[in-house]
Amino acid sequence: MDGHQVRALYDFSGEPGSAELSITAGEVLTVMRDNVGDGWCEGFNQGGQSGLFPAAYVQLIEATAPTTGNMVNSQQSTGDYWDDDWDDDSEIGQTQAYVPPVQQQPSLQSAQSGSTEYGDSVSMHTVHSVIPERSIPNVPKKNNKFTALVKSGEEGFLLSSKLVVVPESEKIYVEEVESGRFSWAQTGESYNCVVTSPKKESKLKGLKSFIVYQLTPTFNNIQVSRRYKHFDWLHERLEEKFCFIPIPPLPDKQISGRYEEQFIEHRRTQLQEFVDYVCRHPVLSRSRVWQHFITCTDEKRWKAGKRAAEKDEFLGVTYFHGVQCPDTPLDAIKVEFQTDAFARFIAGLDPVVKSFMAMATDQAKKHQVLYKREFQKIGQCFVSLGNALEADDAGRSRHTLNQALKDTGEAYNEIGKLYEEQPKYDWEPLADKFHIYRGIISSFPDVIGIHKSAVQKRKDCERLVNEHKMESAQLRELNHRTDVIARALGAEETHFQSEREIHITQAMKSHLVEQINFYQKIVDKLQEALNSFD
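In this convention, every chain numbers its residues from 1, walking through the sequence in written order. Totals for whole chains, interfaces and linings use all residues, but because this is a predicted model, local features are given only for residues with pLDDT of at least 70 and pairs of side-chain atoms are given and counted only at 80 or more. Note: side-chain values were computed over all heavy atoms of the structure, leaving out hydrogens and water.

**Observations concerning the packing of aromatic side chains**
Rule in force here: Think of it this way: a Phe, Tyr or Trp ring, Trp meaning its six-membered ring, pairs with another when their centres are within 6.5 Å, and the plane angle makes it stacked under 30 degrees, edge-to-face over 60, tilted otherwise. Helix and strand definitions follow DSSP, with helices as H or I runs of at least four residues and strands as E runs of at least two, each counted in order from the N terminus. A ring has a charge above it when a Lys NZ or an Arg CZ is no more than 6 Å from the ring centre and no more than 35 degrees off the ring normal.
Inspection of every chain in the model, using the stated rule, returns 23 aromatic pairs. Look at Trp 290 and Phe 293: their rings are 5.9 Å apart centre to centre, the planes differ by 20 degrees, and that puts the pair in the stacked class. Separated by three residues within a single helix, Trp 290 and Phe 293 lie in helix α6 (residues 288–295), roughly one turn from each other. Members of the aromatic cluster, each reached through a chain of ring pairs, are Tyr 371, Phe 375, Phe 382, Tyr 412, Tyr 419, Phe 518 and Tyr 519. Over the ring of Tyr 319 we find Lys 241, and its NZ or CZ is 4.4 Å from the ring centre. Across from the ring centre of Tyr 228, 4.1 Å away, lies the NZ or CZ of Arg 267, which sits over that ring.

So this is what it looks like as structure tokens:
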């Protein structure tokens, strides 16, 4: 086992004071121990320095086919992404990486018997790979595998002749609020959930570090602790279960700077936006997986609920069986016209929202760097002028022109500091709000596509009925289920309209209030400078 050579795929900076070894992309390393645990290897570089480094950052030189097979088997055998604690915030993507070879069968069994943070048995050779050193837009988009699942399941839902028994807890209701307009029925009282107190924790004697956030729902005021990777797991479950609901995106993933105080606080506010949207949604806020996520504090119940969510049968298109709505047939032509209009609206809105969010992000950066620097340059010029005039001011009163110029320079310097601090009050909250809606809007085409596929299937079946190749009763049932999909889409469209009319309005008002306060502070600073000349 000793002596395996690997090549670094990515840079890795070891934390100071730890046993971690910093590596550079492209360098060759020699592995001394590949079973340190949780995806870490121990080895040394060509300079003789030794330490621990993540297996996902390196690739075996001249890897053989059996090694690749071992990687696949290892990943399939665990199947437990939630409980894999290799990374600190689960902020890694998928690419081929070095996989420690298995030495003996007993060693593998011993590794598989190891317990993680939540007590699940996983293989010590589970490997995730690394993302580039930049933030990755985390816009929810159905992956190809799940899209294929939806497409294959849709026909089964439309043409199924079996009676599906839906548990009461899985039923969701659509009501008609006015002619041709639908909404999700409100079941239960509304509530909020607060994300607070992010703090850095570690395990394995400091080998692994991570940030923990505290969530407190208002209906019980019981606090639970969750990491970013737990949010990531939740997001994946919600996307799989609710193919007809755009799921709000999580904060962008990032591999560097995750322990900086400013980044942690900003991520907390972004997670708060995600949590707020889910709490406001009539369906998502009542879902079992979400309720489990924000309430469970017991370790055994947590694992049981997690596994139940991963084995859930009512997900994707199958979950349309749980949508309860009137049996009244819809006007197919009218519904198709409305759906096409909404699809055009989303297509036009998508690039505009992305551009708007880019503008808000750009303004935040300019405030913190460019504008701050410019105003401090202005301030320095006024101070320099005051200092130059002071050379010819011997014996005169201290409150003269040169002092007033210095005060003016200091005022501009303070204005520069105001610019640096301001984005967290106006531009960043606005960008975070539109980060949520950018993800929602980007997901709507997939939701609309489910309805369009159902409409096309209905047209195909109408032709078969005309050709006497299908029974009329089958077509009537298919029409009803197509209407179920249409009503679900209509309900989600209504919810989105409510979101943009209420919460975007609130966000814009809050932004403008902060802008007014900001410029008022600037006016106050300039007024103080003006008074110094009197």
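**Concerning the sheet that holds strand β10 (residues 224–227)**
Selection rule: One requirement defines pairing of two strands: DSSP has to find at least two bridges between them. Here, axes are lines fitted to C-alpha atoms. For helices the fit covers the stretch in contact, and angles between N-to-C directions go from 0 to 180 degrees. Should any heavy atoms of two residues lie within 4.5 Å, those residues are counted as being in contact.
What the three strands build is an open sheet, ordered β8-β9-β10; its pairing is antiparallel. Looking at strand neighbours, the two that pair on one side only are β8 (193–203) and β10, the edges of this open sheet. Each strand axis lies, on average, 35 degrees off the axis of its neighbour in the sheet, ignoring direction. Inspection of the sheet shows β8 paired to strand β9 (residues 208–217) by nine bridges, in the antiparallel sense. Counterpart to Cys 193 in the pairing with β9 is Pro 217. Sitting on the sheet, helix α5 (residues 261–280) touches β8 and β9, and the angle it makes with β8 is about 135 degrees. Strands β8, β9 and β10 of the sheet are contacted by α6, whose axis makes an angle of about 110 degrees with β10.

**Section: the packing of α5 against helix α10 (residues 427–466)**
For clarity, the threshold we go by: Geometric relationships in this document are graded by angle, where less than 35 degrees denotes roughly parallel, more than 145 denotes roughly antiparallel, 65 to 115 denotes roughly perpendicular, and other angles denote oblique. Definitions for this section: a left-handed crossing has its near helix turned counterclockwise from the far helix by less than a right angle. A right-handed crossing has that turn clockwise.
The contact between α5 and α10 brings their axes to 10 Å, and the two run at 45 degrees. Considered as vectors, α5 and α10 are oriented oblique to each other. For the pair α5 and α10, the crossing hand works out as right-handed. Judged by residue contacts, His 266, Thr 269, Gln 270, Glu 273, Phe 274, Tyr 277 and Arg 280 of α5 engage Glu 428, Asp 432, Lys 433, Ile 436, Tyr 437 and Ile 440 from α10.

**Here's the deal with the nonpolar core**
It is characteristic of soluble globular proteins that their nonpolar side chains tend to be buried jointly. Worth spelling out the cut-off: Remark: nonpolar core denotes a set of buried residues (Ala, Val, Leu, Ile, Met, Phe, Trp, Tyr, Cys) joined through side-chain atoms within 4.5 Å. For every residue, the accessible area obtained with a 1.4 Å probe (protein chains only) is divided by the maximum for its type, and the residue is called buried under 20%, exposed over 50%, and partly exposed between those limits.
Ranked by internal contacts, the top residues of the largest apolar core, which has 82 residues, are Leu 215, Phe 244, Phe 274, Trp 290 and Phe 320. Residue contributions to this core peak at 15 residues, all from α10. Judged by nonpolar contacts, the second largest core, of 17 residues, contains Leu 21, Cys 41, Leu 60 and Leu 207.

**Considerations on the pairing of strand β3 (residues 40–45)**
Looking at chain direction, β3 and strand β4 (residues 50–54) are connected through five bridges and run antiparallel. By the bridge assignment for β4, Gly 43 is matched with Gly 51. Linking β3 to β4, which pair antiparallel, is a turn of four residues; within it Gly 48 sits at a positive phi near 90 degrees.

**Some points on the sheet that holds strand β6 (residues 172–178)**
Strand order across the open sheet formed by three strands is β7-β6-β11, with mixed pairing between neighbours. Each end of this open sheet is capped by a strand with a single partner; those strands are β7 (181–184) and β11 (323–324). Running over the sheet, helix α11 (residues 472–531) touches β6, β7 and β11 and is turned about 75 degrees from β7.

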